[in-house]
Amino acid sequence: MGKDVIIACDFSSAKDTFDFLDQFTEEKPFVKIGMELYYAEGPSIVKEIKKRGHKIFLDLKLHDIPNTVKKAMSVLSSLDVDMTNLHAAGTVDMMKAAVEGLTKEDGTRPILIAVTQLTSTSEERMQNELLINASINDTIVKYAENAKAAGLDGVVCSPLEAGMVKDACGKPFITVTPGVRFADGEVGDQVRVTTPEKAREIGSDYIVVGRPVTQAEDPVAAYRRCVKEFVG
Ligand code: C5P
(Lines give C-alpha, C1' and ligand atoms only; values in the text may rest on other atoms or scores of the structure.)
Protein backbone atom coordinates (compact mmCIF):
# COMPACT_ATOMS: atom_id res chain seq x y z
CA MET A 1 0.00 0.00 0.00
CA GLY A 2 1.27 3.44 -0.96
CA LYS A 3 2.08 6.04 1.65
CA ASP A 4 0.32 9.37 1.24
CA VAL A 5 -0.07 12.83 2.76
CA ILE A 6 -3.64 13.81 3.68
CA ILE A 7 -4.38 17.54 4.02
CA ALA A 8 -6.80 18.37 6.86
CA CYS A 9 -9.18 20.87 5.25
CA ASP A 10 -10.27 22.46 8.52
CA PHE A 11 -12.21 25.31 6.93
CA SER A 12 -15.68 26.48 7.93
CA SER A 13 -17.12 27.00 4.46
CA ALA A 14 -17.07 25.56 0.96
CA LYS A 15 -15.75 28.87 -0.37
CA ASP A 16 -12.65 28.86 1.86
CA THR A 17 -12.08 25.19 0.99
CA PHE A 18 -12.27 25.75 -2.76
CA ASP A 19 -10.11 28.91 -2.55
CA PHE A 20 -7.52 26.69 -0.89
CA LEU A 21 -7.85 23.73 -3.27
CA ASP A 22 -7.80 25.98 -6.36
CA GLN A 23 -4.13 26.66 -5.64
CA PHE A 24 -3.29 23.07 -6.51
CA THR A 25 -3.14 23.11 -10.28
CA GLU A 26 -0.76 20.21 -10.82
CA GLU A 27 -1.62 17.70 -8.11
CA LYS A 28 -4.81 16.41 -6.49
CA PRO A 29 -4.01 15.93 -2.82
CA PHE A 30 -5.88 13.44 -0.61
CA VAL A 31 -8.05 15.64 1.65
CA LYS A 32 -9.63 15.16 5.06
CA ILE A 33 -13.10 16.60 5.65
CA GLY A 34 -13.90 16.87 9.34
CA MET A 35 -17.00 17.65 11.38
CA GLU A 36 -16.71 21.43 11.04
CA LEU A 37 -16.85 21.50 7.26
CA TYR A 38 -19.28 18.57 6.92
CA TYR A 39 -21.76 20.00 9.42
CA ALA A 40 -21.52 23.43 7.76
CA GLU A 41 -21.95 22.28 4.18
CA GLY A 42 -23.47 18.79 4.26
CA PRO A 43 -22.90 15.92 1.81
CA SER A 44 -22.62 18.32 -1.15
CA ILE A 45 -19.11 19.33 -0.07
CA VAL A 46 -18.03 15.69 -0.30
CA LYS A 47 -19.55 15.27 -3.76
CA GLU A 48 -18.01 18.53 -5.01
CA ILE A 49 -14.49 17.72 -3.80
CA LYS A 50 -14.81 14.19 -5.18
CA LYS A 51 -15.88 15.62 -8.55
CA ARG A 52 -12.68 17.66 -8.59
CA GLY A 53 -10.74 14.41 -8.47
CA HIS A 54 -9.50 14.33 -4.86
CA LYS A 55 -9.46 11.27 -2.62
CA ILE A 56 -11.44 11.94 0.58
CA PHE A 57 -11.02 10.89 4.20
CA LEU A 58 -14.37 11.70 5.86
CA ASP A 59 -13.46 12.16 9.52
CA LEU A 60 -16.79 12.01 11.39
CA LYS A 61 -15.78 9.57 14.17
CA LEU A 62 -19.07 7.69 14.50
CA HIS A 63 -20.03 6.28 17.92
CA ASP A 64 -23.58 4.99 18.55
CA ILE A 65 -25.49 1.71 18.84
CA PRO A 66 -24.52 -0.87 16.19
CA ASN A 67 -27.72 -0.55 14.12
CA THR A 68 -27.50 3.24 13.91
CA VAL A 69 -23.82 3.15 12.96
CA LYS A 70 -24.50 0.48 10.34
CA LYS A 71 -27.16 2.64 8.67
CA ALA A 72 -25.11 5.82 8.90
CA MET A 73 -22.11 4.05 7.36
CA SER A 74 -24.25 2.85 4.50
CA VAL A 75 -25.14 6.50 3.75
CA LEU A 76 -21.47 7.55 3.92
CA SER A 77 -20.53 4.67 1.63
CA SER A 78 -22.93 5.96 -1.03
CA LEU A 79 -20.98 9.26 -0.99
CA ASP A 80 -18.09 7.25 -2.41
CA VAL A 81 -15.45 8.45 0.06
CA ASP A 82 -12.08 6.70 0.17
CA MET A 83 -11.65 6.51 3.95
CA THR A 84 -13.84 7.06 6.99
CA ASN A 85 -13.73 6.35 10.73
CA LEU A 86 -15.44 5.59 14.03
CA HIS A 87 -14.60 5.34 17.74
CA ALA A 88 -13.26 1.94 18.80
CA ALA A 89 -14.91 2.62 22.19
CA GLY A 90 -18.21 1.70 20.52
CA THR A 91 -17.17 -1.97 20.92
CA VAL A 92 -16.40 -4.81 18.50
CA ASP A 93 -20.12 -5.30 17.72
CA MET A 94 -20.48 -1.67 16.66
CA MET A 95 -17.36 -1.89 14.50
CA LYS A 96 -18.58 -5.09 12.82
CA ALA A 97 -21.92 -3.41 12.08
CA ALA A 98 -20.02 -0.46 10.60
CA VAL A 99 -18.12 -2.74 8.22
CA GLU A 100 -21.41 -4.32 7.12
CA GLY A 101 -23.04 -0.95 6.52
CA LEU A 102 -20.06 0.41 4.63
CA THR A 103 -19.70 -2.57 2.28
CA LYS A 104 -21.29 -1.95 -1.11
CA GLU A 105 -23.21 -4.50 -3.16
CA ASP A 106 -20.12 -5.30 -5.21
CA GLY A 107 -18.23 -6.17 -2.00
CA THR A 108 -15.96 -3.10 -2.04
CA ARG A 109 -15.90 -0.43 0.65
CA PRO A 110 -13.90 2.63 1.77
CA ILE A 111 -10.96 2.12 4.12
CA LEU A 112 -12.37 2.04 7.67
CA ILE A 113 -10.20 3.06 10.59
CA ALA A 114 -10.83 3.47 14.31
CA VAL A 115 -9.96 6.20 16.76
CA THR A 116 -8.44 4.48 19.79
CA GLN A 117 -7.98 7.13 22.46
CA LEU A 118 -8.10 10.74 21.29
CA THR A 119 -4.72 12.41 21.63
CA SER A 120 -6.47 15.04 23.77
CA THR A 121 -7.21 12.34 26.40
CA SER A 122 -4.42 12.01 28.95
CA GLU A 123 -3.78 8.82 30.90
CA GLU A 124 -4.82 10.65 34.08
CA ARG A 125 -8.19 11.74 32.64
CA MET A 126 -8.82 8.31 31.15
CA GLN A 127 -8.26 6.68 34.53
CA ASN A 128 -9.99 9.28 36.74
CA GLU A 129 -12.96 10.26 34.56
CA LEU A 130 -13.55 7.16 32.44
CA LEU A 131 -12.48 4.71 35.18
CA ILE A 132 -10.28 2.78 32.74
CA ASN A 133 -7.60 1.41 34.96
CA ALA A 134 -5.15 0.24 32.29
CA SER A 135 -2.29 2.36 30.98
CA ILE A 136 -3.12 4.54 27.97
CA ASN A 137 -0.70 2.56 25.78
CA ASP A 138 -2.29 -0.78 26.74
CA THR A 139 -5.72 0.73 26.02
CA ILE A 140 -4.62 1.96 22.59
CA VAL A 141 -3.17 -1.46 21.69
CA LYS A 142 -6.29 -3.31 22.95
CA TYR A 143 -8.63 -0.99 21.02
CA ALA A 144 -6.49 -1.47 17.90
CA GLU A 145 -6.68 -5.26 18.36
CA ASN A 146 -10.48 -4.98 18.74
CA ALA A 147 -10.65 -2.95 15.52
CA LYS A 148 -8.63 -5.60 13.73
CA ALA A 149 -10.84 -8.38 15.13
CA ALA A 150 -13.92 -6.54 13.85
CA GLY A 151 -12.45 -6.44 10.34
CA LEU A 152 -11.32 -2.81 10.22
CA ASP A 153 -8.26 -1.75 8.23
CA GLY A 154 -6.40 0.31 10.80
CA VAL A 155 -6.43 3.11 13.36
CA VAL A 156 -5.85 6.83 13.74
CA CYS A 157 -3.10 7.38 16.27
CA SER A 158 -0.20 9.61 17.19
CA PRO A 159 2.87 8.88 15.05
CA LEU A 160 4.58 7.99 18.32
CA GLU A 161 2.06 5.16 18.82
CA ALA A 162 2.25 3.78 15.27
CA GLY A 163 5.14 1.44 16.09
CA MET A 164 3.38 -0.34 18.96
CA VAL A 165 0.17 -0.65 16.93
CA LYS A 166 2.13 -2.25 14.08
CA ASP A 167 3.89 -4.59 16.55
CA ALA A 168 0.53 -5.73 17.96
CA CYS A 169 -1.60 -5.85 14.79
CA GLY A 170 0.90 -6.50 12.02
CA LYS A 171 2.48 -4.37 9.35
CA PRO A 172 -0.49 -4.29 6.91
CA PHE A 173 -2.74 -2.78 9.64
CA ILE A 174 -2.93 0.88 8.60
CA THR A 175 -1.82 3.75 10.82
CA VAL A 176 -3.10 7.24 10.00
CA THR A 177 -1.25 9.82 12.02
CA PRO A 178 -1.95 13.52 12.69
CA GLY A 179 0.37 15.68 14.79
CA VAL A 180 2.97 16.28 12.08
CA ARG A 181 5.15 19.38 11.98
CA PHE A 182 8.17 20.46 9.96
CA ALA A 183 11.40 20.46 11.96
CA ASP A 184 11.59 24.28 11.61
CA GLY A 185 7.81 24.91 11.94
CA GLU A 186 5.38 26.06 14.64
CA VAL A 187 3.95 23.35 16.91
CA GLY A 188 0.73 25.26 17.83
CA ASP A 189 -1.62 23.33 20.13
CA GLN A 190 -0.28 19.88 19.20
CA VAL A 191 1.78 18.32 21.95
CA ARG A 192 3.28 15.08 20.70
CA VAL A 193 4.52 15.89 17.22
CA THR A 194 6.95 14.43 14.73
CA THR A 195 8.29 15.48 11.35
CA PRO A 196 7.05 13.81 8.15
CA GLU A 197 10.42 12.07 7.84
CA LYS A 198 10.27 10.68 11.38
CA ALA A 199 6.64 9.55 10.84
CA ARG A 200 7.84 7.55 7.85
CA GLU A 201 10.62 5.95 9.89
CA ILE A 202 8.18 4.96 12.66
CA GLY A 203 5.86 3.31 10.13
CA SER A 204 2.90 5.66 9.50
CA ASP A 205 1.02 4.83 6.32
CA TYR A 206 -0.76 8.17 6.01
CA ILE A 207 0.10 11.46 7.70
CA VAL A 208 -2.65 14.02 8.29
CA VAL A 209 -1.28 17.54 8.00
CA GLY A 210 -3.40 20.63 8.58
CA ARG A 211 -2.00 24.03 9.50
CA PRO A 212 1.60 23.45 8.33
CA VAL A 213 0.06 23.33 4.83
CA THR A 214 -3.22 25.31 5.07
CA GLN A 215 -1.64 28.29 6.88
CA ALA A 216 1.64 28.27 4.96
CA GLU A 217 2.56 31.29 2.86
CA ASP A 218 2.85 28.91 -0.09
CA PRO A 219 0.57 25.91 0.62
CA VAL A 220 1.54 24.07 -2.56
CA ALA A 221 5.24 24.28 -1.70
CA ALA A 222 4.51 23.15 1.89
CA TYR A 223 2.47 20.19 0.61
CA ARG A 224 5.25 19.21 -1.79
CA ARG A 225 7.78 19.40 1.01
CA CYS A 226 5.58 17.08 3.12
CA VAL A 227 5.28 14.57 0.30
CA LYS A 228 9.03 14.70 -0.34
CA GLU A 229 9.92 14.14 3.31
CA PHE A 230 7.27 11.47 3.94
CA VAL A 231 7.00 9.53 0.70
CA GLY A 232 10.52 10.26 -0.56
O1 C5P B 1 -3.45 21.60 11.90
P2 C5P B 1 -3.02 20.22 12.33
O3 C5P B 1 -1.90 19.65 11.48
O4 C5P B 1 -2.73 20.15 13.81
O5 C5P B 1 -4.31 19.32 12.02
C6 C5P B 1 -4.39 18.00 12.44
C7 C5P B 1 -5.71 17.44 12.04
O8 C5P B 1 -5.83 16.11 12.54
C9 C5P B 1 -6.92 18.19 12.59
O10 C5P B 1 -7.99 18.07 11.65
C11 C5P B 1 -7.26 17.45 13.86
O12 C5P B 1 -8.62 17.55 14.20
C13 C5P B 1 -6.92 16.01 13.45
N14 C5P B 1 -6.64 15.10 14.55
C15 C5P B 1 -5.63 15.33 15.47
N16 C5P B 1 -5.42 14.43 16.48
C17 C5P B 1 -6.19 13.32 16.59
C18 C5P B 1 -7.20 13.09 15.66
C19 C5P B 1 -7.40 14.00 14.65
O20 C5P B 1 -4.91 16.32 15.37
N21 C5P B 1 -5.94 12.45 17.53
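A brief report on the enclosed structure follows. This is a predicted model, so every value here is computed, not measured. (Residues numbered from 1 in each chain as written. Predicted model: local features only at pLDDT ≥ 70, side-chain atom pairs only at ≥ 80, totals over all residues. Heavy atoms only, no water.)

1. What about the site of the ligand?
Now for step 1: Taken together, A8, D10, K32, T119, P178, R181, Q190, V208, V209, G210, R211 and P212 make up all the residues around the ligand.
Now for step 2: In the model, a nitrogen atom of the ligand is placed 2.8 Å from a nitrogen or oxygen of the T119 side chain.
Now for step 3: One of the side-chain nitrogen or oxygen atoms of R211 is found 2.7 Å away from an oxygen atom of the ligand.
Now for step 4: Within the complex, the protein chains bury 82% of what would otherwise be the 470 Å² of accessible surface of the ligand. (Near = heavy atom within 4 Å. Polar contact = N/O pair within 3.5 Å; in protein donor to acceptor, adjacent residues only side chain to side chain. Areas by Shrake-Rupley, 256 points an atom, 1.4 Å probe, with all protein chains shown as cover.)

2. Side note on the sheet that holds strand β7 (residues 174-177)
Two pairing modes exist for strands in a sheet, parallel and antiparallel, and in both the strands are linked by backbone hydrogen bonds.
Now for step 1: Pairing is parallel in the closed barrel, where 8 strands are placed in the order β1-β2-β3-β4-β5-β6-β7-β8. Recorded for the sheet is a direction-independent mean angle of 25 degrees between the axes of neighbouring strands.
Now for step 2: As paired elements, strand β6 (residues 154-156) and β7 share 3 bridges and run parallel to each other. Of the residues in β7, the one forming a bridge with G154 is I174.
Now for step 3: Against the sheet, helix α11 (residues 219-230) engages β1 (4-8) and β8 (206-209), with an angle of about 145 degrees to β1. (Pairing = 2+ DSSP bridges. Helix = DSSP H or I, 4+ residues; strand = E, 2+ residues; numbered from the N terminus. Axes fitted to C-alpha atoms, helices over the stretch in contact; angles between N-to-C directions. Contact = heavy atoms within 4.5 Å.)

3. Comments concerning helix α1 (residues 14-21)
Residues lying three or four places apart along an α-helix face the same way, a consequence of the helix completing one turn every 3.6 residues.
Now for step 1: For α1, the full list of buried residues reads A14, T17, F18, F20 and L21. One side of α1 carries all its buried residues, which in axial view fall inside an arc of 155 degrees.
Now for step 2: Summarising the contacts, the buried residues of α1 are in contact with β1, β2 (30-34), α2 (35-41), α3 (43-51), α10 (211-214) and α11. (Buried < 20%, exposed > 50% of the residue type's maximum accessible area, 1.4 Å probe, protein only. Arc of directions from axis to C-beta.)

4. Notes on the nonpolar core
Now for step 1: Core analysis: the biggest nonpolar cluster contains 59 residues, and V46, L58, M73, L86, M95 and L152 have the highest contact counts within it.
Now for step 2: Beyond its immediate sequence surroundings of up to four residues, M95 is in contact with L86, A88, A114, N146, A147, A150 and L152.
Now for step 3: Grouped together as the second largest cluster of nonpolar side chains are 12 residues, A8, M83, I113 and V115 included. (Core = buried A, V, L, I, M, F, W, Y, C linked by side-chain atoms within 4.5 Å.)

5. Quick notes on the layout of surface pockets
Now for step 1: Of the voids in this model, the largest pocket is the one considered here, and its volume is about 1100 Å³.
Now for step 2: As for the largest pocket, its lining consists of 40 residues, and the residues nearest its centre are K61, T119, P178, G179 and Q190.
Now for step 3: At the level of secondary structure, the elements contributing two or more residues to the lining of the largest pocket comprise β2, α2, β3 (56-62), α7 (136-149), α8 (159-169), β8 and α10.
Now for step 4: Split by residue class, the lining of the largest pocket holds 17 nonpolar, 13 polar and 10 charged. (1 Å grid on protein atoms, 1.4 Å probe; cavity = no way out; pocket = protein on both sides within 12 Å on 5 of 7 lines; lining within 4 Å. Points joined across faces, edges and corners; volume = space filled by probe spheres on them. Nonpolar A, V, L, I, M, F, W, Y, C, P; charged D, E, K, R; others polar.)

6. A closer look at α7
Now for step 1: In this model α7 runs 20 Å from its N-terminal to its C-terminal C-alpha over 14 residues, within 8% of the 20 Å that 1.5 Å per residue would give.
Now for step 2: Of all the positions in α7, only I136, T139, I140, V141, Y143, A144, N146 and A147 are classed as buried.
Now for step 3: A positive phi of about 100 degrees marks G151, the residue just after α7. (Expected span 1.5 Å × (residues − 1).)

7. Side note on the packing of aromatic side chains
Now for step 1: Following the criterion strictly, the structure yields 5 aromatic pairs and no others.
Now for step 2: Ring geometry for F24 and Y223: centres 5.6 Å apart, planes at 85 degrees, overall edge-to-face. In this pair, F24 is assigned in the loop between α1 and β2 and Y223 in helix α11, connecting sequence segments 199 residues apart.
Now for step 3: Take Y223: its relative accessible area is 7%, and that puts it in the buried class.
Now for step 4: Connected via pairs of aromatic rings, a cluster forms that spans F11, F20, F24 and Y223.
Now for step 5: We note R225 situated over the ring of F182; from NZ or CZ to the ring centre the distance is 4.1 Å. (Phe/Tyr/Trp six-rings, centres within 6.5 Å; stacked < 30°, edge-to-face > 60°. Lys NZ or Arg CZ within 6 Å of the ring centre and 35° of its normal.)

8. Topic: the side chain of T194
Now for step 1: Secondary-structure assignment places T194 in the loop between β7 and α9 (196-202).
Now for step 2: T194 gets classed as buried once you look at its relative accessible area, which sits at 8%.
Now for step 3: Excluding residues within four positions of it along the chain, T194 makes contact with P159, L160, G179, V180, R181, A199 and I202.

9. Here's the deal with the packing of α1 against α3
Now for step 1: Relative to each other, α1 and α3 sit at 15 degrees, their axes nearing to 11 Å. What the angle tells us is that α1 and α3 run roughly parallel. For the pair α1 and α3, the crossing hand works out as right-handed. Here A14, T17, F18 and L21 of α1 lie close against α3, whose contacting residues are I45, E48 and I49.
Now for step 2: Its residues assigned to classes, the contact of α1 with α3 comprises 5 nonpolar, 1 polar and 1 charged. (Parallel < 35°, antiparallel > 145°, perpendicular 65-115°, else oblique. Left-handed = near helix turned anticlockwise from the far one by under 90°.)

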